[in-house]
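So you can see what is in the structure, the chains are spelled out below.
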Amino acid sequence: MKTRIIQDDPEPDATSAEESSRSTNIAARMARWSAHHRKKAIFGWLAVSIALFAISIVSPAKQIVFETSGPGESGRADTIIYNDFKQPAGESVLVQSESLTADDPEFRTTVRAVIAGVSKLDAVAKVESPLNAENSGQVSDDRKSVLVPMEIRGPSDDAADKIDPVVARVKELQKAHPEFYIGSFGESTGKAVQTAFFDDLKKAGLFSLPLTLAILLVAFGAVVAAGIPLLLGLTAVLAAMGLVAIISQVLPMDQSVPAIILLIGLAVGVDYTMFYLKREREERAAGRSEEAALEAAAATSGRSVLISGLTVLVAMAGMFFTADPTFASFGVAAMTVVAVAMLGSLTVLPAVLSKLGDRVDRLRVPFIHRLRRKDGEGQIWGAIIDRVLRHPVASVVVAGGLLVAIAVPAYQLKTAQPSIDTYPQKFLGTYNRLKVAFPGTENAAQVVIKAPNVETTAVKEAIGQLKWRAIDSGIMNEPIDVDVNSAKTVAVINVPIEGSGTDATSNKALASLREEIIPPTLGTVPDGEVAVTGNTAYAKDFGAQMKTVAPLVFGFVLLFAFSLMLLSFRSIVIATKAVLLNLLSVGAAYGVLVMVFQHGWGKGLLGFEFTGGIDPFLPILLFVILFGLSMDYHVFILSRIREGYDKGMGTDEAIAHGIKSTAGVVSSAAIVMVGVFSIFGALQAMIFKQFGVGLAAAILIDATIIRAILLPASMKLLGEWNWYLPKWLEWIPHIEHEGKVEPVEAPTVPTPAA
C-alpha cells in the first residue's frame, strides 16, 4: 500500500490558525455572512416563513381536477364525462330482510316507507323505486334485498355538504323498522372516508412533533439544542406550504401534498440541522472558539448539507418524468421543502448558533446530558464498527446476504389500485352486504360514447348489442344502466363486472369489453368516440403508464446521483458503491412491502385485512424519496471519511474515525425519521399505511445494516481503491472536504450554567 506523507507546518498560534482555517466554499461564506448579520438572517427568515404560510391560509393550494388528468383511455373517458356530462352525485339505500322477499306485503310497505322518507328531503332530486317493473335489476336474485338509488340535488361538488340529512333519515328509518336492515352507501361513504383521511393527516402532524422533540432531547441532552432542529424543520414546512400554494396556481397539487411536505420537511430539516449543530458542538468540545467552531461546522457539515440537498433535489425531480400530475405535484412539493430546509440550514442556522454560542446547551435534561460523549462517538456503534473492520468479508457476506434475502420478495411485487375493500371496515357495513346481494354492482365499468346524437337508432342498437354481449360473457352482470346527457351527445353505460375490481377476473372483464365487445358494437358508430373508465380501467391504465415511465425515472435518478457523487468525491468507486448500496436499501424496502401488504405479515398489528397489492404510486414514489433521503447519511458519512483521509489518516483509520464520529447523529436522525414514518404506518388510509411502513423500514435498514456494516466493510476491503479515479476523469475539480480546518491548542471549554 502506498505510504502517505504529510508535511508538518510550523505550529501557529490560536488566532492565526483560526484566520487561516477560513474556508472559501459557498456554505462557509453563507455561514460567515449570517453570523455577521444575525438580525437580518433570523428575523428575515421568520418574517418570510410567516408571510408565506399566511399566503397558504388566505389562498389555499389549488387542487388537481382528477377527472381531467387521468391516464390513457380511462382518462379520456373521464374527461368527456366531466366536460359534457355533469352527472349528479348519488346515494343508494339497501333494504334487506333475512326471511321476507320483495314480493311480501310487509317488505313492500317498508320499501315504500324508505322511498317516501328520503323523497321529502330537499337534498334529494330523484328516487328510483325497485318496485317498478322497469327497475327489476334493483332486486337481488334471492329477492331478499332491494336497492333504492337516489340523486342528490345540485352540482356533485356540493353533494358532500347536503348528504347528512339523508344519512340521518336512513338512521330514523332503520330505527322505525328494526326487523329489516336499512343502510345507505355512496356519497355518504365517500364523505366519511374523506373526513377520516384528513383526520389522519391531523393526527400525523399532532403526534410527529412531540415524538421528534423527545428523540432530539435524548440526542442533544438539552432543551435549547433539541428545539433548534425542530423549529427549523417547522419553519421550512410553513414556508414551503406558502410557496406550494403559489406554485399551485400554475401546477395544481394533490390533496396529499401537505403530508409529503410535513414528512420530507421534518426529515431533512432535522437531519441538516443535526449534522451542522453536532459538528459545531464537537469543534467547541475540541477547544475552538465559538467563531472558529462555527466556521469549521460550516466548511464541513455545511458543505455536506449542500451536496446532500442537491442530491435530494435531483432525486425528487425524477418524478417529473412520470408525466402524471399527481407525481409532478409531489415532486414540486418535495423539492420546495428540501430547498427551503437547505437554505435555512445554510443561513439562519449559523446566525442562531452564533447568537446562542455555548448557551445552546442550556436547559439540560438530567442524566441524559451526562451520557453524551464530547467526541460524538457512540460506544455501541464503535464496538460494532471495530468488529466489522476486523472481519470485513464476513460482514459483507452476512449483511449483504440478509438484505438480498429481504429484497427477494420484491420480485413478487404486484401493484393494485386500492379498492373500496381497503377502506376501514367501519365505513363498509352496507357495502359488504350490497356486494353479496348484488355481485358485481360494486365494481362497474363505465363505457362512454360521444357522438353528434346518441339517441339515433344506430347508437341505440349498438348499445343493445353491447348489453347482451356483456351479459353473455359470464363475467359481467345486470343491471346495465344507460344515462344520457341533456345535449344527447354523450351516453354512459354502467356495466357491473365480476371480481374485486383489481383482480384477474375484473381485468379479464375489462379486456373483454375493450377488445371483444366494444369494437363490433359501439366501435361501428359513425363519428363516435368510445372509451372505458371505472376503477379497474383506471388501475390498468395507470399501471401501464408507470411501467413505461419507470425506466426513465430510475435512470435519471441513478445517473445524476452517480454524477453528483463523482463530482463531490472524485472517485468512481465511491460513486458506484453509493448507487449500489442505495439500490440494495430500496430493494429491501420493496421486499418488506410485499411481505407485509401482499403476504399479510403483521396485518393484525397494522390493522388491515385486504390490500389487493401495493399502491401503483408507491414503487416510484418510494424510490425517489428513499434514494434522496438515504443520500443524506451517505454524503455526511463519506465527507467525514474523506476529510480524515485528506488530513493524512490511512484509509482504515479514516473509515473508523468517519463512521464512529457520525454514528450518534446518524442514529438520532434515523430514529426521528423512523418514528415519524411509523406514525403514518399506523394511519387508516392504505396509501399512508404502505408509505409509512416502506419508508420506516428502508430508513432503519439504511442507517444500520447499510451505513454501519456494509459501507465500512466494503471500504475496508477496497482499501486505496476507494479513491480510484481514471486518468481521463482527472479534469474533475478537487473539492475540499476538510474545509482547511487545522487543529488548534485551546483551553477546555468552560461548562455553561444550566
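Scroll up for the structure.
Residues numbered from 1 in each chain as written. Predicted model: local features only at pLDDT ≥ 70, side-chain atom pairs only at ≥ 80, totals over all residues. Heavy atoms only, no water.

Student: Summarise the packing of aromatic side chains; cite the residues concerned and give the values.
Tutor: Scanning the entire structure with this criterion turns up 14 aromatic pairs. Ring plane angle 90° and centroid distance 5.7 Å describe the contact between Phe680 and Phe688, whose orientation is recorded as edge-to-face. Accessibility assignment for this pair places Phe680 and Phe688 in one class, buried. An aromatic cluster is defined as three or more aromatic residues linked by ring pairs; in this entry it consists of Phe327, Phe330, Tyr538, Phe542 and Phe617. Cation over ring: Arg433 sits above Tyr181, and NZ or CZ is 3.9 Å from the ring centre. (Phe/Tyr/Trp six-rings, centres within 6.5 Å; stacked < 30°, edge-to-face > 60°. Buried < 20%, exposed > 50% of the residue type's maximum accessible area, 1.4 Å probe, protein only. Lys NZ or Arg CZ within 6 Å of the ring centre and 35° of its normal.)

Student: So what about helix H3 (residues 38-58)? Which residues, and what values?
Tutor: Compared with the 30 Å implied by 1.5 Å per residue over 21 residues, the 30 Å span of H3 between its first and last C-alpha is a close match. Every buried residue of H3 is listed here: Ala41, Ile42, Trp45, Ser49, Leu52 and Ser56. Looking straight down H3, one finds its buried side chains confined to an arc of 115°; they lie on one side. Exposed residues pointing more than 90 degrees away from the buried face of H3 are listed as Lys39, Lys40, Phe43, Ile50, Ile57 and Val58. (Helix = DSSP H or I, 4+ residues; strand = E, 2+ residues; numbered from the N terminus. Expected span 1.5 Å × (residues − 1). Arc of directions from axis to C-beta.)

Student: So what about a negative patch on the surface? Which residues, and what values?
Tutor: A surface patch of negative charge is lined by Glu67, Asp157, Asp158 and Asp161. Inspection of the secondary structure puts Asp161 in the loop between strand S3 (145-152) and helix H6 (164-176). (Patch = residues over 30% accessible without salt bridge, like charges linked within 9 Å, V, L, I, M, F, W, Y side chains within 5 Å. Areas by Shrake-Rupley, 256 points an atom, 1.4 Å probe, with all protein chains shown as cover. Salt bridge = Lys/Arg side-chain N within 4 Å of Asp/Glu carboxyl O. Lys, Arg positive; Asp, Glu negative; His and termini not counted. Charge placed at Lys NZ, Arg CZ, Asp CG, Glu CD.)

Student: How would you sum up the environment of Gln425? Please name residues and give values.
Tutor: Tracing the sequence through the fold places Gln425 in the loop between helix H15 (392-407) and helix H16 (429-437). Measuring from C-alpha to C-alpha, the distance between Gln425 and Phe608 comes to 9.0 Å, with 183 residues separating the pair along the chain.

Student: So, the sheet that holds strand S8 (residues 529-533): which residues are in play, and what are the values?
Tutor: Strands pair in a sheet through their backbones, by hydrogen bonds, and they do so in one of two ways: parallel or antiparallel. Overall, antiparallel pairing links the four strands, which are arranged S6-S7-S5-S8 in an open sheet. Both outer strands of the open sheet, strand S6 (481-484) and S8, are each paired with one neighbouring strand and no more. Here the strands of the sheet are splayed against their neighbours by 20° on average, with no regard to which way each runs. Both strand S5 (residues 444-450) and S8 contribute to a ladder of five bridges, which runs antiparallel. By the bridge assignment for S8, Lys450 is matched with Glu529. Strands S5, strand S7 (490-496) and S8 of the sheet are contacted by helix H4 (residues 72-84), whose axis makes an angle of about 105° with S8. (Pairing = 2+ DSSP bridges. Axes fitted to C-alpha atoms, helices over the stretch in contact; angles between N-to-C directions. Contact = heavy atoms within 4.5 Å.)

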